[in-house]
Amino acid sequence: MKKLRLLVTKECNRKCNGCCNKDWDLDNLPVCTDYSLYDEIIITGGEPTLRNDLVFIITEIKKVNPTAKILMYTANCKYSVFLSALVMLYLDGITVTLHTKRDLRSFVEFETGLPKNNKSLRLNVFKGVPVPALKHNWIVKSNITWIKNCPLPEDEVFMRYE
């Protein structure tokens, strides 16, 4: 299976000390020019939900490669209605990361409003943040800590959107 991790923005509304993006020269990542080569495409950032044209990007990829699984990494559940619609209509799955206890409220609102579905739901919870009661079948990794020099999984290619 060929996987693409696709950086759609460097922008982020957080200033995390251990952010993995600090270990990468994001401006010099190659630009992806052919989405048809991948079985799975992981939308990431910075924070991808900060892109106003995120739905356009995802639908553009689906036009080129309708069979690719499209997943997204986010830490922003602030716009829970938008995020729920994005998951239900355009994404095959989502990975949400809870960095601090302040993230819990917006995540619970998002998760509560998310209709029953068969999407891939993954929840990463940093050390010191309690795992909330869950309505859906999330695969949960708890007690996460920052990893220095965040290695890319061997089966993934890291590129950027332009």
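Below: a short report on this structure. (Residues numbered from 1 in each chain as written. Predicted model: local features only at pLDDT ≥ 70, side-chain atom pairs only at ≥ 80, totals over all residues. Heavy atoms only, no water.)

### Digging into the pattern of salt bridges
What the rule picks out here adds up to nine salt bridges. Among the ionic pairs, E156 bridges to R5, the shortest N-O distance being 2.7 Å. Of the two residues, E156 is situated in strand β7 (residues 156-160) and R5 in strand β1 (residues 3-9); the sequence distance between them amounts to 151 residues. For E156, a relative accessible area of 10% gives the class buried. (Salt bridge = Lys/Arg side-chain N within 4 Å of Asp/Glu carboxyl O. Helix = DSSP H or I, 4+ residues; strand = E, 2+ residues; numbered from the N terminus. Buried < 20%, exposed > 50% of the residue type's maximum accessible area, 1.4 Å probe, protein only.)

### Structural notes on the side chain of T74
Among the secondary structure elements, T74 is positioned in strand β3 (residues 69-74). Judged by its relative accessible area of 5%, T74 falls in the buried class. Within the structure, the side chain of T74 is placed 2.9 Å from the backbone nitrogen of N76, a separation counted as a polar contact. Look past the residues within four positions of T74 in its chain and what remains in contact with it is E47, T49, L83, I94, T95, V96 and T97. (Polar contact = N/O pair within 3.5 Å; in protein donor to acceptor, adjacent residues only side chain to side chain. Contact = heavy atoms within 4.5 Å.)

### Comments concerning the pairing of β1
Judged by how many residues are buried, β1 sits mostly within the fold: seven of seven residues are covered. With six bridges connecting them, β1 and strand β2 (residues 40-45) associate as parallel partners. Across the sheet, residue L6 finds its bridge partner in β2, namely I43. Where β1 meets β7, five bridges bridge the pair, whose relative direction is parallel. Bridged to K3 within β7 is E156. (Pairing = 2+ DSSP bridges.)

### Some points on the state of the cysteines
The final tally for this structure, using the stated rule, is one disulfide. With no disulfide partner, C19 has as its closest neighbouring cysteine sulfur the one in C16, 6.2 Å distant. Overall, C19 belongs to the partly exposed group, its relative accessible area being 26%. (Disulfide = S-S within 2.5 Å.)

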